[in-house]
Structure formats: structure tokens, C-alpha cells
Amino acid sequence: MNREKPHLGTVQETLLIPLYARAVENRKEQALLRDTRAEEIVASIDYDFGRFDELPSLTGSLLRTRLFDRWVSEFLSAHPGGTVVEIGTGLNTRYERVDNGSARWFELDLPDVIELRGKFFTDSPRRTMIAASVTEDTWAAEVASHSSGPYLFVAEAVLPYLHEPEVRQVFALLADRFSGSLLALDTAGPGFFDTQEQHDALSKVEARMNWYCPDPAHLADWHPGTEVVASHTLTSLPGPLLAELPLAYQQMVSALTEQRLPQAEGYRLSLLSLP
Ligand SMILES: C[S@@+](CC[C@H](N)C(=O)[O-])C[C@H]1O[C@@H](n2cnc3c(N)ncnc32)[C@H](O)[C@@H]1O
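Each value, and the rule that gives it
- Residues numbered from 1 in each chain as written.
- Predicted model: local features only at pLDDT ≥ 70, side-chain atom pairs only at ≥ 80, totals over all residues.
- Heavy atoms only, no water.
- Core = buried A, V, L, I, M, F, W, Y, C linked by side-chain atoms within 4.5 Å.
- Buried < 20%, exposed > 50% of the residue type's maximum accessible area, 1.4 Å probe, protein only.
- Helix = DSSP H or I, 4+ residues; strand = E, 2+ residues; numbered from the N terminus.
- Contact = heavy atoms within 4.5 Å.
- 1 Å grid on protein atoms, 1.4 Å probe; cavity = no way out; pocket = protein on both sides within 12 Å on 5 of 7 lines; lining within 4 Å.
- Points joined across faces, edges and corners; volume = space filled by probe spheres on them.
- Nonpolar A, V, L, I, M, F, W, Y, C, P; charged D, E, K, R; others polar.
- Near = heavy atom within 4 Å.
- Polar contact = N/O pair within 3.5 Å; in protein donor to acceptor, adjacent residues only side chain to side chain.
- Areas by Shrake-Rupley, 256 points an atom, 1.4 Å probe, with all protein chains shown as cover.
- Pairing = 2+ DSSP bridges.
- Axes fitted to C-alpha atoms, helices over the stretch in contact; angles between N-to-C directions.

## Some details on the nonpolar core
In this structure, Leu19, Ile45, Phe49, Phe52 and Leu91 are the most contacted members of the largest nonpolar core, which totals 60 residues. Looking at this core, the element that brings in the most residues is helix α3 (residues 56-78), giving nine residues. The residues touching Ile45, leaving out its near neighbours within four places in the chain, are Arg3, Glu4, Pro6, Leu16, Leu19, Leu91 and Phe120.

See below:
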């Protein structure tokens, strides 16, 4: 088989970490999630994925994905014809996992990622890839002109790689263009940020995080009226989600909860409602 050699920039390469986590998980009998597509994609990409084998943070990335999938499913239950915008979509397969047959989806990432994504996914009347930086407002115009609300923006493992002025720019763009929308994001606390050189997966690639946020509640100060709808650490996931996980994972999460590792405690997954 001719495998695809990815030509990705530094930050773009990080998409291969959660992709690999989902692919490896799919082979397990008791899995956190199923993702056959990820397994097929990994098999057809020419990259040394072995560097990520057995890394504990792969499980962290899967737990995060489970929570983000849950938020998208809840949004689509409440708004079956709503619009989901994946910011920094990478080779994520959320559409394959949680689409409801009627929602509108946009999958946004930098041009080299969308070029690679285009080899594995195709647009459809309800699903559109957009090649742009999230900091540009061209993509927002395209989304706004081809969809109607309500909107859920999903930025999974993306914003910490931007610099704070860029993150503020993204917030301003969303609040300005898509008033009343929801935004799911993750934030690194200072402890997590300061130890990224030792982070098991990040230390295997060149990209580094550039933004940390000590408390997602502070994000509400950027645009008055912003509300934190939910905020979790990987060790304080919603009870119903935890109860759905295979037993071994439930036990692993409770063991981690007892350790109260400062780095893990500072990494938060939050759902915001924008003014
Ligand atoms: C760790 S990956 C996460 C990918 C995907 N969200 C997932 O969970 O599988 C980070 C992604 O953010 C994208 N990204 C980084 N900066 C971006 C920007 N300025 N605009 C759009 N996407 C960006 C990268 O190209 C990469 O695909």
C-alpha cells in the first residue's frame, strides 16, 4: 500500500497525537471509544507513530474527546438542525461518531491540514471543510453565510497553541459574529504549561503551547455576559459520563483523582456560552 507522507507544519503535527490515541484505542476490547476510521487513517499515513506508544496522555486525550463528544451530542439533542464548527479539526472524526443526520458541520484548520484531511474525508451538503486560520475572519463569513444558528464551536486541543492576543481575537470574532453561541475549549493551567517540556507526548514533537489560563472563569471577563456552563478536569468528569466508561478506566480515573497531580488539576475542559 502507498502510504501518505504528511507535510505538516509544527503545530499541525500535533493532530497526529489524538488521531493515534483513537486508532490504538479502537483495537482494544474494552475501549473508551470506537474509531475504525482513525485506525484506517493511521495505517495509511507514513509517520513514526511508535513514538507515542504507551504514553499516559493518550488516555487523557481520549477522555477529553469523550467529554467533547458528549457536549456535541447534548447540543444536537437540543438543536437537531444546529451548526457545529470544529476549530482546528485535524483528522478528528467527531462527525462520524456523533452526527445526527440533520446538523450542519464545518471543519476548519490550516491549509496543509485541510489538504491532508481532503485525502480521507469529503464534503457533503451538510459537511464543509474550510482552510484558514481561526484568527482570520474569512472563515467566519463563510460559516455565517452558509448556515444558521444555534452554533456550537468546538476547539479541542487547539487554543493553548495560540498566543493570548490570538485567543482574545478568536473570542472577539465569535462573540461579534455568533452572538449567543457555545464554545467548548480546553485550557492549560500554569503548572501544566510550565512542565510541557517534560510532557510525555509534547516532548516527542516540536510544537509547544503558548497560552495558559489559570481559571476559565477569567475568560468571562473578556466579554461581559460570557458564562461558564460547565468546567471539568480529567479527574472530575461528569458522573454520567464516568459511569459509561469501561470499569478499568473508571478505576484509573479514581486512582488519578486521589493523587491530585497539580499538572492534571490545572488542565480544564470547559463549555462557555458567549454573550
Ligand atoms: C492537537 S491538534 C487537535 C486536532 C483535533 N482537534 C483533535 O482533537 O483531533 C491541534 C490542531 O489545531 C490546529 N491549529 C493550530 N493553530 C491553528 C490555527 N491558527 N487555526 C486553525 N487551526 C489551528 C492544528 O493544525 C491541529 O490540527
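## Section: the layout of surface pockets
Taking a probe equal in size to a water molecule and rolling it over the atoms shows the remaining empty space. In this structure, the second largest pocket encloses a volume near 220 Å³. Taken together, 14 residues make up the lining of the second largest pocket; nearest its centre are Val24, Lys28, Glu54, Leu55 and Leu58. Looking at the lining of the second largest pocket, the elements that each hand over two or more residues are α1 (16-26) and α3. Classifying every residue of the lining of the second largest pocket gives nine nonpolar, one polar and four charged.

## Overview of the site of the ligand
Residues in contact with the ligand amount to 20 residues; listed here are only the nearest, Gly88, Asp109, Ser133, Val134 and Glu156. Here an oxygen atom of the ligand and a side-chain polar atom of Asp109 are 2.7 Å apart. Within the backbone of Glu156, a nitrogen or oxygen atom sits 2.9 Å from a nitrogen atom of the ligand. Considering the ligand on its own, with 590 Å² of exposed area, one finds that the protein chains cover 97% of that surface. A class-by-class count of the residues in the shell around the ligand yields ten nonpolar, seven polar and three charged.

## Section: the environment of Phe153
Tracing the backbone through its elements, the reader meets Phe153 in strand β4 (residues 151-155). C-alpha of Phe153 to C-alpha of Ser102: the two residues are 51 residues apart in sequence and 17 Å apart in space. Ignoring anything within four residues of it in the chain, the contact list for Phe153 reads Val85, Ile87, Trp139, Leu174, Phe178, Ser181, Leu182, Leu183 and Ala184.

## Topic: the sheet that holds strand β7 (residues 268-273)
As summarised here, the arrangement of the seven strands in space is β3-β2-β1-β4-β5-β7-β6, forming an open sheet in which the pairing is mixed. Pairing within the sheet leaves two strands with one partner each, and these edge strands are β3 (127-131) and β6 (227-233). When the angles between neighbouring strand axes are averaged without regard to direction, this sheet yields 15°. Together, β1 (83-87), β2 (104-109), β4, β5 (182-187), β6 and β7 form the strand contacts of α3, whose direction differs from that of β4 by roughly 175°.

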